[in-house]
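Tertiary structure, described
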Amino acid sequence: MPCVFPVLSIKLLAVSQAAQNDSQRHHHGWAYTAGVVLSFVAIAAVMLALRAGGEAIGWGFQLQSPWLVAGLAYLFFIMGLSLSGVTEFGAGLMGIGSNLNNSQGLRGSVTSGALATLVASPCTAPLMGSALGFAVTQPAIVALSVFASLGAGMAFPFLLLTYIPGLVKKLPQPGPWMDRLKQLLAFPMYLTAVWLLWVLGRQTGGDGVTLILTGTVAIAFALWLWPRPQWHWLRGTVAIAALAFAVMLLPRLSTTPLAQQQTSDYWQPYSAERLETARGEGRAVLANMTAAWCITCLANEKVVLSSDAVSKAIEELGVVALKGDWTNQDPHISALLTKYGRTSVPLYLLYPAGGGDAKILPQILSREELLMELEAAAEGGLSTSSIP
């Protein structure tokens, strides 16, 4: 998936550099798997605890925090600078570098597994929707077991790679190409930071993005100034002050009410009142629950929901289209997700004209199937059985 690709790229580089025999590769694979599984369980435990305390949150809730999104943008920017050769700061975090010993590399593998989970878990919701919905309705031990299994599934491809010597042996022999590969892999890091800044812009507006861009400049200045190989008190003090300045910008972030943000095309902001009003008028309703950090949501909106055919059909059929943005925490959207057995977005609901139960549409939309469903809903029915 796009949001986990950068971390997997880093791990591929780490294995090619640090793991010179089968035993080391196996250790790295299991360390990475442990980081993924433990992080899945930890996030799930926090989510279940908060839900038990009455909080209306779901899977992927960590990216609803502007502080965390900004912090991840900082982290991926630093990782990009490290790969570009500006600084070696952060290399130990990701287990990169031929001078690292085996213990440090294993710690790096665990950490990168945790980072992959933190960044990529929201992207997994569309593929694991039924499993997540089942897990949150079960006792804690069953729920955590399900999440641990999902984490193991996410880590399995990388673990398998470490046990297939034929694939690893196809890599070129160590040489100058490794430094070029390291520099090349800096660009996915920068693109990930850009994506996180875009998400932050949806949460905090342009002011928040400006603050964090200022922080990234301060970080770049600090890492450029950082004294090496020996400590220099003046340069070190200024570098630490620049890093502290970047961190101090995080508490200044504040969320922008999403209802005040522009809703494009035919969409109206979702609210329970708008939904009930449209249903009271006997009109068909398409409800779209989405988020800026949901890659599947963005792909569906770009390819299907924003197409001329769908826009024309919604206008001609008189369908009311409501969009709920879950980029920031919204208890009303969380309650709707819970009602239909979902823990995260996307969620597409289609209510037929004249009343009746809503139908849950597939999480990966097809333009032709959506047009058929819209026509059926406008006529007061649905093409297949509906879900209350």
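Here, the structure is the one placed above.
Residues numbered from 1 in each chain as written. Predicted model: local features only at pLDDT ≥ 70, side-chain atom pairs only at ≥ 80, totals over all residues. Heavy atoms only, no water.

**Quick word on the pattern of salt bridges**
What counts here: Salt bridge, as used here, is a side-chain nitrogen of Lys or Arg placed within 4 Å of a carboxyl oxygen of Asp or Glu. What counts as a helix is a DSSP run of H or I of at least four residues, what counts as a strand is a run of E of at least two, and both are numbered from the N terminus.
Tallied over the full model, the rule gives 5 salt bridges. We note a salt bridge from R202 to D325, for which the minimum N-O separation is 2.3 Å. Separated by 123 residues along the polypeptide, R202 in helix α10 (residues 186–225) and D325 in strand β3 (residues 320–325) bring together distant segments of the chain. In this structure, K323 engages E301 in a salt bridge whose closest nitrogen and oxygen atoms are separated by 3.4 Å. Separated by 22 residues along the polypeptide, K323 in strand β3 and E301 in helix α13 (residues 295–305) bring together distant segments of the chain.

**Brief notes about the state of the cysteines**
What makes a disulfide is a covalent bond joining the sulfur atoms belonging to two cysteines. To keep things clear, this is the line we draw: We call a pair of cysteine sulfur atoms a disulfide whenever their separation is within 2.5 Å. Classification of residues uses two cut-offs on accessible area relative to the type maximum, computed with a 1.4 Å probe and protein chains only: under 20% is buried, over 50% is exposed, and between them is partly exposed.
Across all of its chains, the model carries 1 disulfide by this definition. Disulfide pairing is shown between C294 and C297; the S-S distance is 2.2 Å. Judged by the sign of its S-S torsion, about 80°, the bond between C294 and C297 is right-handed. With relative accessibility at 1%, the residue C294 sits in the buried group.

**A few points about a nonpolar patch on the surface**
Formally: A patch is a set of surface residues, each over 30% in relative accessible area and not in a salt bridge, joined within 9 Å for like charges and within 5 Å for the nonpolar side chains Val, Leu, Ile, Met, Phe, Trp and Tyr. Areas reported as accessible are Shrake-Rupley estimates using a 1.4 Å probe. Residue values count occlusion only from the protein chains shown.
A cluster of nonpolar residues, F221, W224, W231, W233, L234, V238 and I240, forms a patch on the protein surface that exposes about 810 Å² of accessible area. Elements represented by at least two residues in the nonpolar patch include exactly α10 and α11 (233–248). When residues in the nonpolar patch are grouped by element, the largest group, 4 residues, is from α11. With respect to the element layout, I240 can be found in helix α11.

**Thoughts on the pairing of strand β4 (residues 347–351)**
As a reminder of what qualifies: Strand pairing follows a simple DSSP-based rule, namely that at least 2 bridges must link the two strands.
Within β4, 5 of the 5 residues are buried, which leaves it mostly tucked inside the rest of the structure. Of the two faces of β4, both are covered, the one formed by L347, L349 and Y351 as well as the one formed by Y348 and L350. Bridge count between strand β2 (residues 285–290) and β4: 5 bridges; the pairing is antiparallel. Each residue of the ladder has a partner; that of A287, found in β4, is L349.

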